[in-house]
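Here is what each chain is made of, one letter per residue.
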Amino acid sequence: ALFLRDHGAGLNAAFTSGVEILASHGFTHVAVMHGDLPLAVSIADHLPLHSLGHRDVIMVPDRHHDGTNVLVVNAQDPIPFRYGSGSFTKHCVEASQRGLRVTVVHHDALALDIDTPADLLEWQRRN
């Protein structure tokens, strides 16, 4: 594991910095997966990682298709991170503007994040 210090510039800046550091260590692709996914499973078993090319992006939206719960990007040439309200659409637009091939994966366990009391109730209902 490689731990990186967050310098307080915000979530998008932290991801950008982290990906730059990973790219400098030779990583070709990076998966961003948030810590508020209580039903998360191994993404290697559920995403088409084996066929990733230089111009591929993989996204897993939240259950409302508003947020981006998992985002796999090329570490050497990532799309700009646009986390916050509407990030799923914003990430799709960023990838489209660059002519990248986007694969959207709808995965029930990865789609549930805990952002609101209703999300917490949904998690409790599923357990």
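Structural notes, computed from the coordinates.

Calculation notes
Residues numbered from 1 in each chain as written. Predicted model: local features only at pLDDT ≥ 70, side-chain atom pairs only at ≥ 80, totals over all residues. Heavy atoms only, no water. Helix = DSSP H or I, 4+ residues; strand = E, 2+ residues; numbered from the N terminus. Rg over C-alpha atoms; globule rule 2.2 N^0.38 Å. Buried < 20%, exposed > 50% of the residue type's maximum accessible area, 1.4 Å probe, protein only. Contact = heavy atoms within 4.5 Å. Areas by Shrake-Rupley, 256 points an atom, 1.4 Å probe, with all protein chains shown as cover. Lys, Arg positive; Asp, Glu negative; His and termini not counted. Charge placed at Lys NZ, Arg CZ, Asp CG, Glu CD. Pairing = 2+ DSSP bridges. Axes fitted to C-alpha atoms, helices over the stretch in contact; angles between N-to-C directions. Polar contact = N/O pair within 3.5 Å; in protein donor to acceptor, adjacent residues only side chain to side chain. Arc of directions from axis to C-beta. Salt bridge = Lys/Arg side-chain N within 4 Å of Asp/Glu carboxyl O.

### A word on the overall build of the protein chain
Here is step 1: Within the protein chain, the regular secondary structure consists of four helices and four strands.
Here is step 2: Listing every helix and strand of the protein chain by position from the N terminus yields α-β-β-β-α-β-α-α.
Here is step 3: Taking 14 Å as the expected radius of gyration for a compact globule of 127 residues, we find that the protein chain reaches 15 Å, a close match to that expectation.
Here is step 4: With the principal axes as the frame, the protein chain shows a C-alpha extent of 40 × 30 × 25 Å.
Here is step 5: Across the 127 residues of the protein chain, 35% fall into the buried class.
Here is step 6: In the protein chain, once contacts between residues fewer than 6 apart in sequence are set aside, the share between residues at least 24 apart is 57%.
Here is step 7: Just so you have it, the protein chain exposes about 7,200 Å², and 55% of that area is on carbon and sulfur atoms.
Here is step 8: Charge-centre separation for the protein chain: the mean point of 9 positive side chains lies 4 Å from the mean point of 14 negative side chains.

### With respect to the sheet that holds strand 4 (residues 101-104)
Here is step 1: With mixed pairing, the four strands of this open sheet are ordered in space as 1-3-2-4. Looking along the sheet, the strands with just one partner apiece sit at the ends: strand 1 (29-33) and strand 4. Across the sheet, the axes of successive neighbouring strands diverge by a mean angle of 15 degrees, strand direction being ignored.
Here is step 2: For strand 1 and strand 3 (residues 68-74), the ladder comprises five bridges, and the chain directions are antiparallel. Looking across to strand 3, one finds that histidine 29 is bridged to asparagine 74.
Here is step 3: On top of the sheet, helix 2 (residues 87-97) reaches strand 2 (56-61), strand 3 and strand 4; it is set at about 170 degrees to strand 2, its chief contact.

### Focus: the side chain of threonine 68
Here is step 1: Assignment of secondary structure puts threonine 68 in strand 3.
Here is step 2: Residue threonine 68 is classed as buried on the basis of its relative accessible area, which comes to 2%.
Here is step 3: Of the polar contacts made by the side chain of threonine 68, one reaches the side chain of histidine 91; its length is 2.8 Å.
Here is step 4: The residues touching threonine 68, leaving out its near neighbours within four places in the chain, are His34, Val60, Tyr83, Ser87, Phe88 and His91.

### Things to note about the environment of alanine 13
Here is step 1: With respect to the helices and strands, the residue alanine 13 is situated in helix 1 (residues 11-24).
Here is step 2: A C-alpha to C-alpha distance of 9.4 Å links alanine 13 and proline 80, two positions 67 residues apart in sequence.

### Let's talk about helix 2
Here is step 1: Those residues of helix 2 not exposed but buried are Ser87, Phe88, His91, Glu94 and Ala95. All buried residues of helix 2 fall inside an arc of 125 degrees around its axis, so they share one side. Exposed residues lying more than 90 degrees from the buried face of helix 2 are Ser96 and Gln97.
Here is step 2: Of the surrounding elements, those touching the buried residues of helix 2 are strand 2, strand 3 and strand 4.
Here is step 3: Following helix 2 by one or two positions, glycine 99 adopts a phi angle in the positive range, close to 70 degrees.

### Section: the pattern of salt bridges
Here is step 1: One pass over the full model with this rule turns up seven salt bridges.
Here is step 2: Put simply, arginine 125 and glutamate 122 hold a salt bridge, and the shortest N to O gap is 2.5 Å. A residue pair is termed a helical-turn pair when its members lie 3 or 4 positions apart in one helix, as arginine 125 and glutamate 122 do in helix 4 (residues 117-126) at three residues.
Here is step 3: With relative accessibility at 13%, the residue glutamate 122 sits in the buried group.
Here is step 4: When salt bridges with common partners are traced through the structure, they connect Asp108, Glu122, Arg125 and Arg126 into a single cluster.

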